[in-house]
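Residues per chain, in single letters:
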Amino acid sequence: MKSQKQNKNPINIILIMIIVACVIGIGALIFSKSYFATENQVQREIEALAADYYENYLYENYFLKIPEADRRAEFEQYLGRGMNPVYLREILNYSKDKHSESVKIFQTARCDTNSTSVKYFPEEPYGRSDFRVEYKLSCEELENE
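Residues numbered from 1 in each chain as written. Predicted model: local features only at pLDDT ≥ 70, side-chain atom pairs only at ≥ 80, totals over all residues. Heavy atoms only, no water.

## Some details on helix α2 (residues 38-61)
- End to end, α2 covers 32 Å across 24 residues, agreeing with the expected 34 Å (1.5 Å per residue, within 8%).
- Along α2, the residues classified as buried are T38, V42, E45, I46, L49, A50, D52, Y53, Y54, L58 and Y59. (Helix = DSSP H or I, 4+ residues; strand = E, 2+ residues; numbered from the N terminus. Expected span 1.5 Å × (residues − 1). Buried < 20%, exposed > 50% of the residue type's maximum accessible area, 1.4 Å probe, protein only.)

Take a look at the structure:
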């Protein structure tokens, strides 16, 4: 008499393993395409550059040089309208050595560094990282996607 438990055929096990590997491979491909898509790379890069520029350049070299008694009034004038736009070329130039890889990403996306910009909106309590940013991207590669 055959036992109630049926022996697993090695071919069935191999087929299941192949199917699982294919599902994992397709999932990884979809994830990597979206993660490494030009639009996502440009967005991540401009977000990182904009934060670095504000926190380590603009805040240090502009806001901290204003007397502390006048600083709040200086920040408050930008609450609704934001600061003047800062163009990508300015951000990339402020520390060329630090952003050499960033330049390649924007060149690949064919971004216009004279029209791609960020606009800063300082927010209370007006610390180094208390701000929001609006981005204006002007990249040919993103328009074609």
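## Remarks on the environment of Q77
- Here Q77 lies in the loop between α3 (68-76) and β1 (86-87).
- Overall, Q77 belongs to the partly exposed group, its relative accessible area being 36%.
- Remark: the alpha-carbon pair of Q77 and F121, spanning 44 residues in sequence, is separated by 10.0 Å.

## Remarks on the sheet that holds strand β2 (residues 117-122)
- The three strands are arranged β1-β2-β3 in an open sheet whose pairing can be described as antiparallel. The outermost strands of the open sheet, each flanked by one partner alone, are β1 and β3 (131-136).
- In this structure, β2 lies alongside β3, joined through six bridges in antiparallel fashion. Bridge pairing in β3 links F121 to R132.
- Sheet strands touched by α2: β1, β2 and β3. Its angle to β3, the strand with the most contacts, is close to 135 degrees. (Pairing = 2+ DSSP bridges. Contact = heavy atoms within 4.5 Å. Axes fitted to C-alpha atoms, helices over the stretch in contact; angles between N-to-C directions.)

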